[in-house]
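# What the coordinates show
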Amino acid sequence: MLLVGLIFLVLANLWVRQGALLTLAAQVAMAVPPVPALVTLLVLLAGLRVLRRVGFGRREILGVYAFLTLAVALTSGAAMRFFLPALVTPYYFASAENRWAQFHKFIPDWAVPHGDEVIRQYFEGTDLPTGGISAWFTAVPWGAWLQPLAIWLAFFVGFYGLLLCIAMVFRPIWEEGEHLAYPMAEFPLMLAGFRQKTLHGVWTNPIFWSGVLIVGLYHLFNIFNAFNPAIPALGLSTPLSPLFVEHPLTALQPLTIEYRPEIFGIAYMMPSDIVASTLILYFGYFKGLALGGAMMGVDIPGYPFDYPQAMGGFVALALVLIYGARHRIVQVFAALGGRGGETPWLAIGFIVSTAVVLGFWLIFGMKLWILLVYLILLLSHSIGYMRIRAETGFPTWWIKPLNQERDMVINFFGTERLAAGGNFSSLAGLEVQNWMYRGYFAQLVAYQAEALRIGGEIKVDRKQIASLMIWAVILGSAVSWWMHISTAYELGSNVLEGGTTQGGTRVALMTQAYDQLASWMRGPADPQRNPSIAFAVGAAVVILLAVLRRLFLQFPLHPSGFVMALTGGGSIGWAMLLLSLIIKTIVLRLGGMRLYNRLLPFFIGVVVGHYFWSGTVWALIASFGGEGFNKLPVWF
């Protein structure tokens, strides 16, 4: 299974190299699930008859799929492609003007590669002949990279081991106690034929293929329009901001209809109360705060503080979930003393992985209390996002309050207290981790939780699933590092990902992070009262909603809908959620669950068709078709 997964992982990285680094035509690894993982699932299912002859059945196919969801996601622009520039950017771009050299002493030598030429060639390329697979090995000074990457790999294994333990703690509560749907786990199970009672013969169902065809026509006209604007097409989005150009209606900007077929399809399977809560809270609460503030003349920078409120909401949501799982948590750790029926290995894994994560950053130089506050924020978001994916399957990463794990630490305490005595190691550690809280490293726990769900449904031992997830981290990291670093030395990171002489998007983000660190060293940032109050308000709202839902079973607003409304669930998904909710409501009113299940293949077909036509067919053509074929980039 691992060998098959590794083969497809290498192929996926080569696809990412071409589509995301060189042509900017397709960000296939950032999809939920990653397009290469879904393509692998479909390819292996198509060859199932042949594979069965060598003992490779549907269970093994789903194991490869689960492995690839995590391993391929690690190679995306919000993961390892973001992480690698953090190690070299502060040295290559250091100058007398930006004064970055003053914080070099706060970044440990063991954490980064060394050598002026090693770093220069990463950004500018080598003088060795390029082209061909051999250049991906010979052009790289691997000796300078192996030690720091090996140390970082230990951290990533520890970090994802911790997330996996957290997922395993909540699993029986959510699966067996609350019967959460796990739509993104159900999706591959349906395609692989493990849901015959609910969804019989999906591949021969004309309703399924009508969904594939309709979304295919949508993408076809978009492609034609990209080459010939005279051909009408719906496009990728429709901005509504031009409708709100006069004060105070300008407060409703930005407001955009995003045409996201994957959200539309999955939303049909989402709980209606969460969908409705997201819409009500997005327009009634968030946009209502913005409009009301404009009408009352509120002129506070950052108002209405959507991300700080969302961060507070995630912390409160995590606390509610931990409280709900308190008996399970006690059972897990009681096993260390031989009490209860639990195995002690989960508790041991939790303790060891936590020690690895804390030890890594303590050795880096971060102060323990700062690290604990930061990790509480980071893991709260992980737990909250994992819960939202388990409840809804919402197919995007942007249920995320960008940068808030770092920003709230600064807002709470100010940089002068965080760097007491002129020790900027903790702030340097936070900025080196920009890839963690700006990217989606911590959110990948959702794939681990979904893999555990898939494993349970196909009767695979959870120890095997856990082992598979650890291998996904090890191999996913190693293959991603090989692909990204070798490409950088072959061609120069300055010109990759749309860069000219200063690097692409990820390099620019790390440059901003280190500029921020240098500015804090020149002058402290004071604690910020307003975002801190907003954080407390967001936490209070989520706790209030959780209490009201416990007291009144029919209370309509859901805590998960609050954090979705203040992040991508509102800004990105509102239109598709609304459309799907309307259709679903009509279907249930007219024909109940019987009609709902009968139409389910259509919505599955929309999702499969979207990832096939846009994420696969067009993404491959745009990535490898040469100049002129990237007129319609594939983004997720």
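Before reading on, note that the structure itself is shown above.
Residues numbered from 1 in each chain as written. Predicted model: local features only at pLDDT ≥ 70, side-chain atom pairs only at ≥ 80, totals over all residues. Heavy atoms only, no water.

## Side note on the nonpolar core
Grouped burial of nonpolar side chains is what soluble globular proteins tend to show. Ranked by internal contacts, the top residues of the largest apolar core, which has 223 residues, are Phe 83, Trp 152, Phe 156 and Trp 435. Those residues in contact with Trp 435, other than ones at most four positions away along the chain, are Ala 78, Phe 82, Phe 83, Ala 86, Trp 152, Phe 155, Phe 156, Tyr 440, Phe 441 and Met 510. (Core = buried A, V, L, I, M, F, W, Y, C linked by side-chain atoms within 4.5 Å. Buried < 20%, exposed > 50% of the residue type's maximum accessible area, 1.4 Å probe, protein only. Contact = heavy atoms within 4.5 Å.)

## Here we look at the side chain of Asn 403
Here Asn 403 is to be found in the loop between helix H16 (368-392) and helix H17 (404-413). For Asn 403, a relative accessible area of 17% puts it in the buried group. For Asn 403, the residues in contact, after removing those within four places along its chain, are Asn 434, Tyr 437 and Arg 438. (Helix = DSSP H or I, 4+ residues; strand = E, 2+ residues; numbered from the N terminus.)

## Observations concerning the packing of helix H5 (residues 80-92) against helix H23 (residues 505-522)
Contact geometry for H5 and H23: axes closest at 9 Å, N-to-C directions at 50°. By the angle between their axes, H5 is oblique relative to H23. Here H5 runs over H23; the crossing is right-handed. Only Arg 506, Val 507, Leu 509, Met 510, Thr 511 and Tyr 514 of H23 make contact with H5, whose side of the interface consists of Arg 81, Phe 82, Pro 85, Ala 86, Thr 89 and Pro 90. Residue composition of the contact of H5 with H23, grouped by class: eight nonpolar, two polar and two charged. (Axes fitted to C-alpha atoms, helices over the stretch in contact; angles between N-to-C directions. Parallel < 35°, antiparallel > 145°, perpendicular 65-115°, else oblique. Left-handed = near helix turned anticlockwise from the far one by under 90°. Nonpolar A, V, L, I, M, F, W, Y, C, P; charged D, E, K, R; others polar.)

## What about the layout of surface pockets?
Rolled over the atoms, a probe with the dimensions of a water molecule shows which regions are left empty. Empty space within the largest pocket amounts to approximately 880 Å³. Together, 30 residues line the largest pocket, and Glu 178, Val 320, Leu 321, Arg 387 and Arg 550 are the ones closest to its centre. At the level of elements, helix H8 (142-177), helix H12 (272-295), helix H13 (306-324), H16, helix H24 (529-551) and helix H25 (559-565) are the ones that each hand at least two residues to the lining of the largest pocket. Looking at the lining of the largest pocket residue by residue, the class counts come to 18 nonpolar, five polar and seven charged. Estimates place the volume of the second largest pocket at around 580 Å³. As for the second largest pocket, its lining consists of 34 residues, and the residues nearest its centre are Gln 27, Arg 260, Val 634, Trp 635 and Phe 636. Residue assignment for the lining of the second largest pocket shows that the elements contributing at least two residues are helix H10 (206-227), helix H11 (261-267), H23 and helix H27 (574-624). Looking at the lining of the second largest pocket, the element that brings in the most residues is H27, giving four residues. (1 Å grid on protein atoms, 1.4 Å probe; cavity = no way out; pocket = protein on both sides within 12 Å on 5 of 7 lines; lining within 4 Å. Points joined across faces, edges and corners; volume = space filled by probe spheres on them.)

## A few points about H10
Here H10 is 22 residues long and its end C-alpha atoms lie 32 Å apart, about the 32 Å a rise of 1.5 Å per residue gives. Turning to H10, the residues buried within the fold contact H11 and H27. Sitting at the amino-terminal end of H10 is Asn 205, which places a side-chain oxygen 2.8 Å from the backbone nitrogen of Ile 207. (Expected span 1.5 Å × (residues − 1). Polar contact = N/O pair within 3.5 Å; in protein donor to acceptor, adjacent residues only side chain to side chain.)

## Overview of the packing of H13 against H24
Remark: H13 packs on H24, axes separated minimally by 6 Å, with the N-to-C direction vectors making an angle of 40°. In terms of their interaxial angle, H13 and H24 are classed as oblique. The handedness of the crossing between H13 and H24 comes out as right-handed. Judged by residue contacts, Pro 308, Gln 309, Met 311, Gly 312, Gly 313, Val 315, Ala 316, Leu 317 and Val 320 of H13 engage Pro 531, Ala 534, Phe 535, Val 537, Gly 538, Ala 539, Val 542, Ile 543 and Ala 546 from H24. Taken together, the residues of the contact of H13 with H24 sort by class into 14 nonpolar, four polar and no charged.

## Structural notes on empty space enclosed by the protein
If you walk through the whole model with that rule in mind, you get two cavities of 30 Å³ or more. Of the pockets and cavities examined, the largest cavity occupies roughly 120 Å³. Surrounding the largest cavity, 13 residues form its lining, Leu 21, Arg 81, Pro 85, Tyr 122 and Ser 493 being those nearest its centre. Looking at the lining of the largest cavity, the elements with two or more residues in it are H5, helix H22 (462-491) and H23. Considering every element that reaches the lining of the largest cavity, the biggest residue donor is H5, with three residues. Among the residues making up the lining of the largest cavity, the classes are represented as seven nonpolar, three polar and three charged. Space inside the second largest cavity adds up to approximately 70 Å³. If you trace the second largest cavity, you find it lined by Val 32, Pro 33, Tyr 65, Ala 66, Thr 69, Met 184, Arg 389, Tyr 447, Glu 450, Ala 451 and Ile 454. The set of elements that each furnish at least two residues to the lining of the second largest cavity consists of helix H4 (58-73) and helix H21 (445-457).

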